[in-house]
Amino acid sequence: METLSLVIVEDEKLILEELVTTVDWASIGVSVVATAEDGVMGEKIIKEYNPDIVITDIRLPLQDGLTMVSKCPLLDQNVLVLSGYTDFEYTRKAIQLGVYDYLEKPVDDEELLKVCSTLADKIREEHKSEKQEDGAFRINLPTGFHNHQISCIVAYIKENYEKPIGLADAAEYIRLSENHLSTLFKEVTGINFLQYLNGYRLNMAIDMMKEGGVNISEIAPKCGFQNPGYFAKIFKRYFGMTPTQFRDQL
């Protein structure tokens, strides 16, 4: 069963601790990757971890939960709102934001787990459908890292993949030695830095070819492959055909 990541944002420390420690998240294949006690920090960790699920209170210090959610569009509606208030305006805004469910406090652990289990099953089905849609022409790269440094490096790759970057550049960016980063990256993700970088670049190339309008010779440098021949070699290694052969099949 695919393990999904969960972020919890709750300003009452006792409730937050109970949500983390007393709910049997492992039984439904969910792992708490981070928590926050105010809306500003909540927004920061949501954008950092990009979790599969978020559970949040509405009344939070610095920024309310619904405003926080509205600033994190990558959540894809996988949000459970907990609140001790039955204010219609809060409920209406939650519905407008498309949150998955709205539960009143105090929420029963079993009820919360049941709702989360249903949501988790929905997410896994969506992930399964995405993989089937992409077929073999997509490299399934690891996600949901429980390590801040590796999350930063992956974000760095996504922001700079079209540039001639390598392990040395990434190590300098995060202020680690190349050996340390290389070992840590493999331990956390299961693959090495270059495999992840090439995999991400190839996925971007696939997207460009599906969109059309760009020549194969232009795609390679746009995806960070400075040598078109190397691009073709790596592409064929992963997909069993050249980029041109793939384009002809589209």
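Everything quoted here is computed from the prediction, not taken from an experiment.

Concerning the sheet that holds strand 1 (residues 4-9)
Step number 1: One open sheet accounts for 5 strands, arranged 2-1-3-4-5; its pairing is parallel. One side of each edge strand has no neighbouring strand; the edge strands of this open sheet are strand 2 (30-36) and strand 5 (101-104). On average, adjacent strands in this sheet sit at an angle of 20° to one another, irrespective of strand direction.
Step number 2: Examined bridge by bridge, strand 4 (residues 79-83) and strand 5 share 4 bridges and lie parallel to one another. The residue of strand 5 that forms the bridge with serine 83 is glutamate 104.
Step number 3: The sheet strands contacting helix 1 (residues 13-21) are strand 1, strand 2 and strand 4, and the helix crosses strand 2 at an angle near 160°.
Step number 4: Sheet strands touched by helix 2 (residues 39-49): strand 1, strand 2 and strand 3 (53-57). Its angle to strand 2, the strand with the most contacts, is close to 140°.

Overview of the pairing of strand 3
Step number 1: Counted residue by residue, strand 3 has 5 buried out of 5 residues, so it is predominantly covered.
Step number 2: Both faces of strand 3 are covered, namely the face carrying Ile53, Ile55 and Asp57 and the face carrying Val54 and Thr56.
Step number 3: As paired elements, strand 1 and strand 3 share 4 bridges and run parallel to each other. In the sheet register, leucine 6 faces strand 3, and the bridge partner there is isoleucine 53.

Observations concerning the packing of aromatic side chains
Step number 1: Across all of its chains, the model carries 10 aromatic pairs by this definition.
Step number 2: Pairing phenylalanine 235 with phenylalanine 246 gives two aromatic rings, centres 5.9 Å apart and planes at 55°, and the pair type is tilted. Linking phenylalanine 235 in helix 11 (residues 228-239) with phenylalanine 246 in helix 12 (residues 243-249), this pair joins segments that are 11 residues apart in sequence. Like phenylalanine 246, phenylalanine 235 is buried.
Step number 3: Ring pairing ties together the aromatic residues Phe225, Tyr230, Phe231, Phe235, Tyr238, Phe239 and Phe246, which thus form one cluster.

Definitions and limits used
- Residues numbered from 1 in each chain as written.
- Predicted model: local features only at pLDDT ≥ 70, side-chain atom pairs only at ≥ 80, totals over all residues.
- Heavy atoms only, no water.
- Pairing = 2+ DSSP bridges.
- Helix = DSSP H or I, 4+ residues; strand = E, 2+ residues; numbered from the N terminus.
- Axes fitted to C-alpha atoms, helices over the stretch in contact; angles between N-to-C directions.
- Contact = heavy atoms within 4.5 Å.
- Buried < 20%, exposed > 50% of the residue type's maximum accessible area, 1.4 Å probe, protein only.
- Phe/Tyr/Trp six-rings, centres within 6.5 Å; stacked < 30°, edge-to-face > 60°.

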